[in-house]
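Structural overview for review
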Amino acid sequence: MFEKVFGKKDQNTVSEPAYITEENKDMWKPWDAEPKGVATPWYGHTEGLPVKLEYFRGTMFEKVEDIAKHYPNLVAFDFLGRPTTYRRLVEEVHRCARSLRTIGVREGDCVTIAMPNCPQGIFMFYAVNLIGAIANMIHPLSAEKEIEFYLKESRSVTAITLDQFYSKFERIRSNTGIVNIIIASIKDELSRPVKVGYMVTEGRKQEKIPKDAPVIRWNEFMRLGKACFYNYRVRRGPDDPAVILYSGGTTGTTKGIVPTNMNFNALARQVHATNPMFQGGGNDKMLAAMPIFHGFGLGVCIHTMLAEGGRCVLVPRFTPKSYARLIKKYKTSFIAGVPTLYEALLRVPSMEGADLSFLKGVFSGGDSLSVELKKKLDAFLKDHGAKIQVREGYGTTETVTACCLTPPSTHKEGSIGIPFPDTYIKIVEPGTDKVLPYGEEGEILLAGPTVMKEYMNHPEETAETLRTHEDGLTWVYTGDLGYMDDEGFVYFRGRSKRMIVSSGYNIYPGQIENILDAEEHVQMSCVIGVPDDYKMQAVKAFIMLKPGLPKTEAMRDEIMAYCRRHIAKYALPKEIEFRDELPKTLVGKVAYRILEEEEAEKREKARAASAV
């Protein structure tokens, strides 16, 4: 099927993109690693797609700027009906960069971006890169204490967020090193008719920021750049740190992951090369619903498209109804999301009878896609005229996002695909460098040009996670379990880390327990993940109250109210169960695995009872 649609390709080759020219060809070089003795059984099963590539050796913004020279008048992204061309994108990034310099942001400084998928967030991201600073990407819905942690951990000097999140930043500002807070508003990037509707609906609900608040409003901020008369562009290399994304590392404790310019540019090239149906030059559109504080959203939905001449349809806030509407309105070539996003899409009434024959690629990542849901999705796509199936990917934030993907027309049930070009995967005895035979389960290790630089401020865990082997490659010890078959297809089996994945978000039980244990009525807590029909996993908290306190609904409501003040919405417990005692291990730790087993047994009994 692949050869009939796209034509046969020679191994190790891919058609040279139009944007590689005589003028810029010196910026393109192969990945410089020379692995020795690494098994690559997938080489014969790539459907003719390349296993090695050349990569742009500049910064992320330089890559987008280079694309804009070729396609200045094409649309880079759409936002709630308003298109922005590549020319305007570059101009706004330069304006933003001059303004950042004017307020004192310098090379190597961290700027926190707490924004949804909107133009100001995109402009700021690339402007930070242009002046040689580092973009600290965080969830705008994070709780106050989480925001404080992110600001302090990154030593951010400036932050940008939306007007509706201002109060959270202001309440913790004095505890951080933040000098300037820039406040943007969704309405500033809307067309006039849409702006009127927005102000009548969403705009009326938002808390008003005092006129004398110590902030810089977005439009005012962008005008400050007129005072910048010196060179604001900073030359940075491909291996310089560029972004901070947050994940749990090998211990489940939140840490800042530091990718480089090369990591993001390599990802963009790999995604393009493994999807020959993608055509730059404004021909293909990606529905960018995955958020920019997530490696999947920032790396695949935004940078890959903009670095390869694609068009993003920005989705600032996901709802199944709006998602379905945008797919049909823009006839997006590609959609990417987590399993819960697709599960929700299946239940949207407006998709009944919709024609999806325009789809070229549907990608699932961020969490394991069950065999059952994949079958439902594939049937849904076929029933709606699409000639493709959903393709599952796998990766970690330590490699920005995906580094493994199902080929365009070959699927093996339960497999997460084969490695990207220049990417290597091996299965080892957990924690060691002993490679296991094909079909035997062990720890998944990753190596390639998208491997992070480090964990910020955590050299010991960096050394534990990134290990250089005798083959010459630096490997990421993922803590994930799986196996590889003799054709190089990888199968994910579970996480050895204690982590809950809910709607694609990583939730770390230890953090939630720390917050719960600080509540005045709680003696001890334990948090586990439980199956959820929509989110795949939900948070359940087991709580032992302090002696003498009643286990009442009023008490449960009081603790939940406390949680809402201190825990991000996506990580809130769905259920609280009071216990007189929590099970313990022999060394006195709470035995969360016993609770997981009890919960699984209880649910199995409930299923059996309902089937009778």
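Here goes a summary of the coordinates provided. Sequence positions are assigned chain by chain, starting from 1 and proceeding in written order. Given that this is a predicted model, residues contribute local features only at a pLDDT of at least 70 and side-chain atom pairs are listed and counted only at 80 or more, while totals for whole chains, interfaces and linings are drawn from all residues. Hydrogens and water molecules were not included; the side-chain quantities draw on all heavy atoms of the structure.

**Let's talk about helix H3 (residues 86-102)**
The cut-off we apply is this: Note on conventions: DSSP H or I runs of at least 4 residues are helices, E runs of at least 2 residues are strands, and numbering of each starts at the N terminus. Working rule for helices: expected span equals 1.5 Å times residues minus one. Relative accessibility decides the category of a residue: with a 1.4 Å probe and only protein chains considered, values under 20% of the type maximum give buried, values over 50% give exposed, and everything between is partly exposed. A contact between two residues is defined here by any heavy atoms of the two lying within 4.5 Å.
An ideal rise of 1.5 Å per residue puts 24 Å on 17 residues; H3 measures up with 25 Å between its terminal C-alpha atoms. Judged by how many residues are buried, H3 sits mostly within the fold: 12 of 17 residues are covered. Among the structural elements, helix H2 (60-70), strand S3 (75-79), strand S4 (82-85), helix H4 (119-130), helix H9 (218-224) and helix H11 (295-307) are those in contact with the buried residues of H3.

**Section: helix H10 (residues 261-273)**
Just so we agree on the cut-off: Counted as a polar contact is a pair of N or O atoms within 3.5 Å, where, for protein atoms, one must be capable of donating a hydrogen and the other of accepting one, and residues adjacent in sequence contribute only when both atoms are in side chains.
In this model H10 runs 18 Å from its N-terminal to its C-terminal C-alpha over 13 residues, within 8% of the 18 Å that 1.5 Å per residue would give. The element H10 is largely enclosed, with a buried count of 13 among its 13 residues. Near the N-terminus of H10, the side chain that reaches the backbone nitrogen of methionine 262, with its oxygen 3.3 Å away, is that of threonine 260.

**Focus: the sheet that holds strand S11 (residues 255-258)**
We apply this condition: In short, DSSP must find at least two bridges between two strands for them to pair.
A sheet is described by the order of its strands in space; here eight strands give the open sequence S9-S8-S7-S5-S6-S10-S11-S21, paired in mixed fashion. The open sheet has two edge strands, strand S9 (216-217) and strand S21 (454-455), and neither has a second partner. Where strand S5 (residues 110-114) meets strand S6 (residues 134-137), four bridges bridge the pair, whose relative direction is parallel. The residue bridging cysteine 110 from the neighbouring strand is isoleucine 134, located in S6.

**Focus on the environment of valine 390**
Assignment of secondary structure puts valine 390 in strand S16 (residues 390-395). Linking valine 390 and leucine 595, residues 205 residues apart in sequence, is a C-alpha distance of 35 Å. Valine 390 has contacts with Val362, Ser364, Leu369, Lys374, Leu377, Asp378 and Leu381, leaving out every residue within four places of it along the chain.

**Focus on the pattern of salt bridges**
Selection criterion: Whenever a carboxyl oxygen of Asp or Glu lies within 4 Å of a side-chain nitrogen of Lys or Arg, that contact is scored as a salt bridge.
Inspection of every chain in the model, using the stated rule, returns 36 salt bridges. The residue arginine 347 makes a salt bridge to glutamate 343 at a minimum N-O spacing of 3.0 Å. The class for arginine 347 is exposed, based on a relative accessible area of 51%. With a relative accessible area of 16%, glutamate 343 lands in the buried category. Linking glutamate 599 and lysine 540 is a salt bridge whose minimum nitrogen-to-oxygen distance equals 3.0 Å. Of this pair, glutamate 599 sits in helix H18 (residues 592-611) while lysine 540 is found in strand S28 (residues 536-545), placing the two residues 59 residues apart along the sequence. Owing to a relative accessible area of 5%, glutamate 599 belongs among the buried residues under this scheme. Each of Lys540, Glu575, Glu577, Arg579, Glu598, Glu599, Lys602 and Arg603 takes part in a single network of salt bridges with overlapping partners.

**Topic: the state of the cysteines**
Definition in use: In this description, a disulfide is simply a cysteine sulfur pair whose atoms lie within 2.5 Å.
Counting across every chain of the model gives zero disulfides. Free cysteine: cysteine 118, not disulfide-bonded; nearest cysteine sulfur from cysteine 96 at 12 Å.

**Focus on the pairing of S16**
Regular strands place side chains that alternate from one sheet face to the opposite one. Defined as follows: Seen with its strands pointing away from the viewer, a crossover is right-handed if its path from the first strand over the helix to the second goes clockwise.
The element S16 is largely enclosed, with a buried count of five among its six residues. Examined bridge by bridge, strand S15 (residues 361-364) and S16 share three bridges and lie parallel to one another. Along S16, the bridge assignment pairs phenylalanine 363 with arginine 391. One crossover worth recording links S15 to the parallel S16 by way of helix H14 (residues 371-383), and it is right-handed. Between S16 and strand S17 (residues 402-405), which pair antiparallel one after the other, the connecting turn spans six residues, and valine 400 there sits at a positive phi close to 70°.

**Quick word on the side chain of serine 142**
On the secondary structure map, serine 142 appears in the loop between S6 and helix H5 (144-154). A polar atom in the side chain of serine 142 sits 2.7 Å from the backbone oxygen of histidine 139. When sequence neighbours within four positions are dropped, the list of residues in contact with serine 142 reads Ile147, Tyr150, Lys168 and Ala568.

**Regarding the nonpolar core**
Rules: Put simply, a nonpolar core is a bunch of buried Ala, Val, Leu, Ile, Met, Phe, Trp, Tyr and Cys residues held in one set by side-chain atoms that sit within 4.5 Å of each other.
Membership of the largest hydrophobic core comes to 108 residues, with the highest contact counts inside it found for Leu89, Met124, Tyr126, Met137, Trp218, Phe221 and Leu306. Element by element, the count of residues in this core is highest for H4, at eight residues. Judged by nonpolar contacts, the second largest core, of 38 residues, contains Ala273, Ala447, Tyr455 and Met484.

**Quick look at the sheet that holds strand S29 (residues 573-578)**
What counts is decided by this rule: Working convention: axes come from line fits to C-alpha atoms, limited for helices to the stretch in contact. Angles between N-to-C directions cover 0 to 180 degrees.
Across the sheet, which stays open at both edges, the three strands sit in the order S27-S28-S29 with mixed pairing between neighbours. Edge positions in the sheet fall to strand S27 (522-532) and S29, since each of these pairs with one other strand and no more. Within this sheet the neighbouring strands show an average axis-to-axis angle of 25°, counted without direction. In terms of strand pairing, S28 meets S29 through five bridges, oriented parallel. In the sheet register, isoleucine 543 faces S29, and the bridge partner there is phenylalanine 578. In this fold helix H17 (residues 553-566) packs onto S27, S28 and S29, with an angle of close to 140° to the strand it touches most, S29.

**Some details on unusual backbone geometry**
The phi torsion at asparagine 457 lies on the positive side, around 65°, for a residue other than glycine. Relative to the assigned elements, asparagine 457 resides in the loop between S21 and helix H15 (459-465). Unusually for a residue other than glycine, serine 503 sits at a positive phi of about 55°. Looking at the element boundaries, serine 503 is found in the loop between strand S25 (500-502) and strand S26 (505-507).

**A few points about the pairing of strand S14 (residues 334-337)**
Neither face of S14 is left uncovered, since the one carrying Phe334 and Ala336 and the one carrying Ile335 and Gly337 both have all their residues buried. Inspection of the sheet shows strand S12 (residues 285-288) paired to S14 by two bridges, in the parallel sense. Paired with leucine 287 across the two strands is isoleucine 335, which belongs to S14. Judged from the four bridges that link them, S14 and S15 form a sheet pairing that is parallel. Across the sheet, isoleucine 335 pairs through a bridge with valine 362, a residue of S15. What joins S14 to S15 is helix H13 (residues 339-345), and the crossover it makes is right-handed.

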